[in-house]
Amino acid sequence: MIEGQDELRDLLPDAFSKQLLDGGLDVLGTANPIRAHLFAAAMREVITYLLHTMAPDDDVQAASWFKAEADKPTRRQRSTFAVQGGLSDSLVTKLGIDASEMHRQMAAEMAELNKRTHVKPGTLLSEANEIEEFATDVVAAVAEFLQAVADMRDAVADAVIHGASEQVFESFLQESNDMIDLLSTHSFVEQVDVLELRVVKIGAHEITYEAEGTVYVELNYGSGSDRAAGDGATMNDDYPFKCRLTGGVEKLVELHDVFDMEVDTSSFYEDGEEE
């Protein structure tokens, strides 16, 4: 087993990238004389797939920091976009993320992978300790890249989570929610707490977030006159919700649209059944 392989597998974003990694690791466990070089080919494909999936040409070229150096974005530009999207370098610095070492290590390991993929007399890696060291370095470089992506998303989410509660609350006030409206004659949203905020995507101009939290409501039964006469009722309750939000890449505190709102009111009906 190569040190760090399980950690890398957990960081990989989808089944295909995991399949490529597993294929490369499987061949390392054989006696194949070119196993290290087959592993290099597999890992080169992992990196290429990740960079092109997380940083498509059009998205990279649309970023404010992009400057054309070739017909297509360079590998470094792709890795930069994968980590920070359209966020400016100055904003990234304010968030406390320094990806310079990750970029350096990725470039070095990609050069090594390219060299090891092409086997020539005198270049064959055959010693077990050499193969293990080579594989460990490659796994560590890819894991560091993906960890930098995760760290950036965490930093962005931390910077806007408080504003997200206010934005979602405003959305509840501006647009009726069928799940809540069905609970009483007159339902009012009193407070919203976003408890968890995740960054789904950092694009060239827009960031997409996924939020989970609690919405606190006041439920009123009967008209105002009914309640004044003692014939109506008022109660307070709270329910979990999840939704998505968007925001810009220039001012993180400015969130825009709230969509895909889902409020779980099942506890309201379960409580009623118990009574």
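Our subject is the structure listed above.
Residues numbered from 1 in each chain as written. Predicted model: local features only at pLDDT ≥ 70, side-chain atom pairs only at ≥ 80, totals over all residues. Heavy atoms only, no water.

Draft legend 1. Spotlight on the overall build of the chain. Counting its regular elements, the chain contains 11 helices and 4 strands. Taken over the C-alpha trace, the chain has a radius of gyration of 26 Å; the compact-globule value for 275 residues is 19 Å, which it surpasses by more than 25%. A principal-axis box enclosing the C-alpha atoms of the chain has dimensions of 95 × 45 × 25 Å. Per-residue burial for the chain yields a buried fraction of 43% across its 275 residues. Pairs at least 24 residues apart make up 65% of the contacts formed inside the chain by residues separated by at least 6 positions. (Helix = DSSP H or I, 4+ residues; strand = E, 2+ residues; numbered from the N terminus. Rg over C-alpha atoms; globule rule 2.2 N^0.38 Å. Buried < 20%, exposed > 50% of the residue type's maximum accessible area, 1.4 Å probe, protein only. Contact = heavy atoms within 4.5 Å.)

Draft legend 2. How the structure looks around unusual backbone geometry. With a phi angle near 55 degrees, aspartate 260 is a residue other than glycine that sits in the positive phi range. With respect to the helices and strands, the residue aspartate 260 is situated in strand E4 (residues 255-263). Given a relative accessible area of 51%, aspartate 260 falls into the exposed group.

Draft legend 3. Structural detail: the packing of aromatic side chains. Scanning the model with the defined rule gives 4 aromatic pairs in all. An angle of 70 degrees between the planes, with centres 4.9 Å apart, marks the rings of phenylalanine 16 and tyrosine 49 as edge-to-face. Within this pair, whereas phenylalanine 16 is found in helix H2 (residues 15-28), its partner tyrosine 49 is found in helix H3 (residues 35-54), the two being separated by 33 residues in sequence. Residue phenylalanine 16 is classed as partly exposed on the basis of its relative accessible area, which comes to 41%. Tyrosine 49 sits in the partly exposed class, given a relative accessible area of 23%. Aromatic pair phenylalanine 39 and phenylalanine 134: ring centres 6.3 Å apart, planes at 85 degrees, arrangement edge-to-face. Of this pair, phenylalanine 39 sits in helix H3 while phenylalanine 134 sits in helix H8 (residues 128-174), placing them 95 residues apart in sequence. Each member of the pair, phenylalanine 39 together with phenylalanine 134, is buried. (Phe/Tyr/Trp six-rings, centres within 6.5 Å; stacked < 30°, edge-to-face > 60°.)

Draft legend 4. Seen up close, a nonpolar patch on the surface. Residues Ile34, Leu38, Val119 and Leu124 make up a contiguous nonpolar surface patch of roughly 280 Å² in combined accessible area. With respect to the helices, strands and loops of the structure, isoleucine 34 is situated in the loop between H2 and H3. (Patch = residues over 30% accessible without salt bridge, like charges linked within 9 Å, V, L, I, M, F, W, Y side chains within 5 Å. Areas by Shrake-Rupley, 256 points an atom, 1.4 Å probe, with all protein chains shown as cover. Salt bridge = Lys/Arg side-chain N within 4 Å of Asp/Glu carboxyl O.)

Draft legend 5. Broad picture of a negative patch on the surface. A surface patch of negative charge is lined by Glu3, Asp6, Glu7, Asp10 and Glu132. Mapped onto the fold, glutamate 3 is located in the segment before helix H1 (5-11). For glutamate 3, a relative accessible area of 64% puts it in the exposed group. (Lys, Arg positive; Asp, Glu negative; His and termini not counted. Charge placed at Lys NZ, Arg CZ, Asp CG, Glu CD.)

Draft legend 6. Quick look at the environment of serine 17. Here serine 17 shows up in helix H2. For serine 17 and methionine 43, which are 26 residues apart along the polypeptide, the C-alpha to C-alpha distance reads 9.5 Å. Not counting residues up to four positions away in its chain, the partners in contact with serine 17 are Leu12, Val46, Tyr49 and Leu50.

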